[in-house]
Amino acid sequence: MKRIVLFSMMCSFSLGLMAQSDFSDVFAAGVEDTERFANYYFGPLSEAAIFSMGNGWYNSADAKPSGGFEISLIGNITGFKNKGDKKAFFFDEANYTNLQLVGGSDARTDTQLVSSALGDIEGVRVFVEAEVGPGLPAQRQEFELPSGLASEGLNFVPTAYLQASLGLIKGLEVKARFLPNINFDDDVEFGLFGAGLQYDFTKILPGDKILPVAISAVIGYTNLNASYDFTDQGILAGEDQRIETTFNTWTFAAVASTRLPIINFYGGFGYITGNSTTDVLGNYTAGIGPLSETVTDPFSIEREASGVTANVGTKLKLGFFRLNVDYTIAEFSTLTAGINFGFR
């Protein structure tokens, strides 16, 4: 579970969860059941990551003048502590071919609330049975379904990156964000890049320099690629087992801010939309007993998320040094903080 927390904190998507033996065990139920469970389990985490990466594109509506620039270190914390509907889902035996709850209908019902990758429900046990042969007892494998980040006290999804902004022609500002490819322990690798535009409409108005507020439109695109190699982990280990995931997020916003010399306030209304594709790659032993088989590159998990956002924040400017913080209300709300160095 330590790998779960580490990888989540480093790149906002806990692919390391797939490396834990308690998830690898699900392959005992076969590829079809594993793919179905993975979609329910990882879906909410993908949504939270999409909203997290869509933030941090602006800290003012006042676009920089031609040649003005700002370099920022930005961090986002997207919380889900009170998102009970995203931290758990109902496991229904009717949706699975081989995966069954221990106790099943004899002990409770054939449905059970279980943890998503964000949750903290522990101790839910399931089993898979396979017929060995005529007159022989069935082979049975029993294991516990995985819990999630909240079970480790982590109730947020973080992202962090460097971002640069440059003023071009009057009212137009270009932006770029970047996190270089990072390799950790030779099994985790990830990187992030993005680009954006901001246009300050007040710059084209007569007497714009004396206006007390600025109004801008912002558009930004963010891409994150990550991979996790978990070969030889779990009781159903195989060769060259890894996960590769890609996130693509678009942000659209209308922003207004004050134009004071030291401290300013800003806010905006926007829309975030994005998708993720996670490929489970390598060789896996799926199923148990005589019906088990080796499968290669068994499935991909796809997820989309979108929603309206609203935020408010403040920015402190002390010469070249600036600080900003804002809070965005959305399906997954986000706290953003930035340390900025700029000229003009």
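Quick note: structure is the one above.
Residues numbered from 1 in each chain as written. Predicted model: local features only at pLDDT ≥ 70, side-chain atom pairs only at ≥ 80, totals over all residues. Heavy atoms only, no water.

S.K.: Can you break down the overall build of the protein chain residue by residue, with the values?
M.R.: When its secondary structure is counted, the protein chain shows 5 helices and 17 strands. By residue count, 51% of the 344 residues in the protein chain fall in the buried class. Of the contacts made within the protein chain by residues no fewer than 6 positions apart, 67% connect residues no fewer than 24 positions apart. Summed over all atoms, the accessible surface of the protein chain reaches about 15200 Å², with 59% contributed by carbon and sulfur. (Helix = DSSP H or I, 4+ residues; strand = E, 2+ residues; numbered from the N terminus. Buried < 20%, exposed > 50% of the residue type's maximum accessible area, 1.4 Å probe, protein only. Contact = heavy atoms within 4.5 Å. Areas by Shrake-Rupley, 256 points an atom, 1.4 Å probe, with all protein chains shown as cover.)

S.K.: Before we move on, could you go through the layout of surface pockets and cite the residues and values that matter?
M.R.: Here the largest pocket is characterised by a volume of approximately 720 Å³. What lines the largest pocket is a set of 38 residues, and nearest its centre among them are Ser 60, Asp 62, Ala 63, Lys 64 and Pro 65. Of all the secondary structure elements, the ones that give two or more residues to the lining of the largest pocket are strand S1 (69–79), strand S7 (156–167), strand S8 (172–184), strand S15 (299–318) and strand S16 (321–329). Here the lining of the largest pocket is composed, by residue class, of 10 nonpolar, 13 polar and 15 charged. Computed from the structure, the second largest pocket encloses a volume of approximately 240 Å³. Secondary-structure elements contributing two or more residues to the lining of the second largest pocket are helix H3 (31–53) and strand S5 (125–130). Its residues assigned to classes, the lining of the second largest pocket shows 8 nonpolar, 4 polar and 5 charged. (1 Å grid on protein atoms, 1.4 Å probe; cavity = no way out; pocket = protein on both sides within 12 Å on 5 of 7 lines; lining within 4 Å. Points joined across faces, edges and corners; volume = space filled by probe spheres on them. Nonpolar A, V, L, I, M, F, W, Y, C, P; charged D, E, K, R; others polar.)

S.K.: Give me the lowdown on the side chain of Thr 336, citing residues and values where you can.
M.R.: Examined against the element boundaries, Thr 336 turns out to sit in strand S17 (residues 334–343). Thr 336 sits in the buried class, given a relative accessible area of 2%. In this structure the side chain of Thr 336 is engaged in a polar contact, spanning 2.6 Å, whose partner is the side chain of Asn 76. Residues within four places of Thr 336 in sequence aside, it is in contact with Asn 55, Gly 56, Ile 74, Gly 75, Asn 76, Asn 324, Val 325 and Asp 326. (Polar contact = N/O pair within 3.5 Å; in protein donor to acceptor, adjacent residues only side chain to side chain.)

S.K.: Quick one: what's the story with the sheet that holds strand S3 (residues 100–101), residue by residue and with numbers?
M.R.: Read from one edge to the other, the open sheet built from 3 strands follows the order S3-S5-S6, with strand pairing classed as antiparallel. Unpaired on one side and paired on the other, S3 and strand S6 (139–144) mark the two borders of the sheet. Sheet topology places S5 next to S6; 6 bridges connect them, and they run antiparallel. Note that in S6 the partner of Val 128 across the bridge is Gln 141. (Pairing = 2+ DSSP bridges.)

S.K.: Lay out the nonpolar core in plain terms, naming residues and giving numbers.
M.R.: Residues Phe 37, Phe 91, Leu 99 and Leu 145 are the most contacted members of the largest nonpolar core, which totals 54 residues. Broken down by element, the residue count for this core peaks at 11 residues, all from H3. (Core = buried A, V, L, I, M, F, W, Y, C linked by side-chain atoms within 4.5 Å.)

S.K.: Could you give me a rundown of the sheet that holds S15, with the residues and numbers involved?
M.R.: Around the barrel, 10 strands lie side by side as S1-S7-S8-S9-S10-S11-S12-S15-S16-S17; this closed barrel has antiparallel pairing. Direction aside, neighbouring strands of the sheet carry axes that sit 20° apart on average. Strands in contact with H3 are S1, S7, S8, strand S9 (188–200), strand S10 (213–229), strand S11 (242–258), strand S12 (263–281), S15 and S17; relative to S15, the strand with the most contacts, it is inclined by about 15°. (Axes fitted to C-alpha atoms, helices over the stretch in contact; angles between N-to-C directions.)

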